[in-house]
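Chain residues, written in single-letter form:
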Amino acid sequence: MGYLKSIGTVIIYIGFFLAVITFLPNLPPEAEYSEYSIKQPSDVKLQFELKNRLQGAEELFSGEVKGPECFASYNGEIYTGIRGGYVVKIEENRIKPIVKFGHKCDGLWQEEKCGRPLGLKFNDKGELFVADAYYGIFKVNVNTRHYVNIVNSSEPIDGKVPKVVNSLDIAKNGDIYWTDSSTNFRLHDGTYIFLANPTGRLFRYNAATRQNEVLIQNLGFANGVLLSDDESFVIVLECFTSRIIKYNLKGPKAGQHEVFADALPGLPDNVHSDGQGGFLVSLIMYIDPQHPFLPQSLMPHPYLRKMLSRLLYLIEAPFKLLQDVYPNYYAERVLYSVGSFDIARLIDVKHTSVILRMDKTGQVLDAVYSEDKKVYDISSAYIHNGYLWLGSPWKESIMRVSLKQAFPELAIYKKESTKEQKKEEPLLTASGTPNVKIEAKQTNAKPAGQATKQSSSKPIVKAQTTQKPTLDVTTTKSTTSQPSTTTPKPSTTAAPITTTTPKPHTSKMTPKEIKKDNVQGVKTDNLKEIKKDNVQGIKKNNVKEIKKDTSKEIKRDNSAKSEASKKSNEATVKQKSDDATKKVAHDTQSKNSKPVEKKDNSNKK
């Protein structure tokens, strides 16, 4: 009996003590605790299937980084923010520090001093905007490493100081949409944020007036934010309440907000575009009926939440006193650990993260995760260079998985959208002569009828001696007629080239540059036709002349002579007979001659 009496006495004293710290007024921490509720993830049957597509994720720079929270890329380069206060560029074989907004600190436990970059976003000009949880929003020139403070987190907005500047997105007009997760506690006191009533806010920073406007308030740990592709609305993720809120910017509901998606099976953190008008939402912690989230279960019990908050504060109180009197490493570490998310994450026993792909209406199109217990604590899923990059506030590495493995549909779309849009160079083939082709490369050629400068482009003659002799003539693409890849008929659309009394010029080629019986010289200036025995009317405009070796005479066809070619010292090509062509081919092949490039000395007058 005495033993039971002792136990009962202890319980009574503990209960009395807890009642005092719960109901005694003006005890810290200062926050509001009242009853509220949300639609729990366990209350809704999932309309989608989780797919094991993040298996075997690749780990990069293990042990070199800590907490790569979010990503942003521009011009093929990708950046992230890490614990310790640095924004870094991820290169092929190293992590390159770019900027640091905070001060020099002794370790990660001095996070408030170091700074903590969270959200990152590039604008169309290549300027990087960074949301630092402790110092505000900065605009960074990643080349010069110069940065400017845009929003100072120490200044109150609408009467309240933003304590956790979290994420941002940039509109085309320069306005910044950003989130503040709490007005009561800093990031290193994250446990208190989840126990108190929601105080997160969504802001719009007007780039023209440089003023901040509160769009939504009392959000449950406002986190990722992203504009729709047409900027008709912006979504903001509520990590604590497992839902997404939509704020309308255009249309009949402009200025109003509504639920975009709720009862998500986890805690939404960051959001990025999927490249098809949809969103990639990262659930940093998965929740199901067998694995509920404790702070969500305590929402209907405000006194219990207040008691736990004050109990944590009482644990910290003696260490705070010691730190004020005698600053030391141990007291500082304890103060950081008690209230931070590093301790709160221990309640995640499932160790699973999920990436949701959602369309612009809030419907879930796909959901992926990993069964190998390797991919968890994922706060960000970002598409870059054929990979899905996975960020985490606690991991000591950067993870990525092939986009083709994670989201095959997005990989196909990404591959098609990134194909080079280069037009293939037109190729003219003369069917009468084997392996004779003419490549027309686009240059800055003037339209027909205008005199072209001699220095604009130089023709190149190449002789290929494979099985059959091949002649490549690089010519200038005309702006008035396009060459055909088939054997064309004489066209009536291309106007004849009018000569404007160009100054005649000559060029001399040395015997070393041209070998005998190798490549027949071809003179072309504003050439419009190349005549073959069995090919009629292949027209080429604005072609620079290719000079013939003075030691080899070209027989001209009487039908190709004209008064204009005599005045401009031009000549057309007369093809030799089939017997002569075969003879040249036989001689060229027997001598095993190499391609010779002729030089154009047409600039010399």
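Going by the structure above, here's the rest.
What this report covers is the structure whose coordinates are included nearby. (Residues numbered from 1 in each chain as written. Predicted model: local features only at pLDDT ≥ 70, side-chain atom pairs only at ≥ 80, totals over all residues. Heavy atoms only, no water.)

### Some words on the overall build of the protein
Counting its secondary structure elements, the protein contains eleven helices and 29 strands. Buried positions account for 47% of the 605 residues belonging to the protein. In the protein, of all internal contacts separated by at least 6 residues, the share reaching a separation of at least 24 is 60%. As presented, the protein carries roughly 32,000 Å² of accessible surface, and 51% of it is formed by carbon and sulfur atoms. (Helix = DSSP H or I, 4+ residues; strand = E, 2+ residues; numbered from the N terminus. Buried < 20%, exposed > 50% of the residue type's maximum accessible area, 1.4 Å probe, protein only. Contact = heavy atoms within 4.5 Å. Areas by Shrake-Rupley, 256 points an atom, 1.4 Å probe, with all protein chains shown as cover.)

### Things to note about the packing of aromatic side chains
This structure, assessed with the given rule, holds 21 aromatic pairs. Relative to Tyr330, the ring of Tyr329 lies with its centre 5.1 Å away and its plane at 80 degrees, an arrangement referred to as edge-to-face. Classification of Tyr329 by relative accessible area gives partly exposed; the value is 40%. A connected cluster of aromatic rings, assembled from ring pairs, spans Phe194, Phe221, Phe240, Phe293 and Phe341. The positively charged end of Lys246 is found above the aromatic ring belonging to Phe233, 4.5 Å away from the centroid. Of note, Lys395 hangs over the ring of Tyr376, and the distance from its end group to the ring centre comes to 4.1 Å. (Phe/Tyr/Trp six-rings, centres within 6.5 Å; stacked < 30°, edge-to-face > 60°. Lys NZ or Arg CZ within 6 Å of the ring centre and 35° of its normal.)

### Thoughts on the pairing of strand E15 (residues 222–227)
Judged by how many residues are buried, E15 sits mostly within the fold: six of six residues are covered. Bridging between E15 and strand E16 (residues 233–238) involves four bridges; their strand directions are antiparallel. Bridge pairing in E16 places Val225 opposite Val236. The hairpin formed by E15 and E16 contains five residues between the paired strands, and Glu231 there has a positive phi angle of roughly 55 degrees. (Pairing = 2+ DSSP bridges.)

### Details of the nonpolar core
For soluble globular proteins, the rule of thumb is that nonpolar side chains tend to be buried together. Within the largest apolar cluster, 43 residues are counted, with the highest numbers of intra-cluster contacts made by Leu120, Leu128, Val140 and Phe194. Only strand E6 (95–100), strand E7 (117–122), strand E8 (128–132), strand E9 (136–141), helix H3 (190–195) and strand E20 (279–286) provide two or more residues apiece to this core. Of the residues forming this core, the biggest block, four residues, is contributed by H3. When sequence neighbours within four positions are dropped, the list of residues in contact with Phe194 reads Phe221, Cys239, Phe240, Phe293, Pro295 and Phe341. Grouped together as the second largest cluster of nonpolar side chains are 19 residues, Phe48, Ile244, Val271 and Ala367 included. (Core = buried A, V, L, I, M, F, W, Y, C linked by side-chain atoms within 4.5 Å.)

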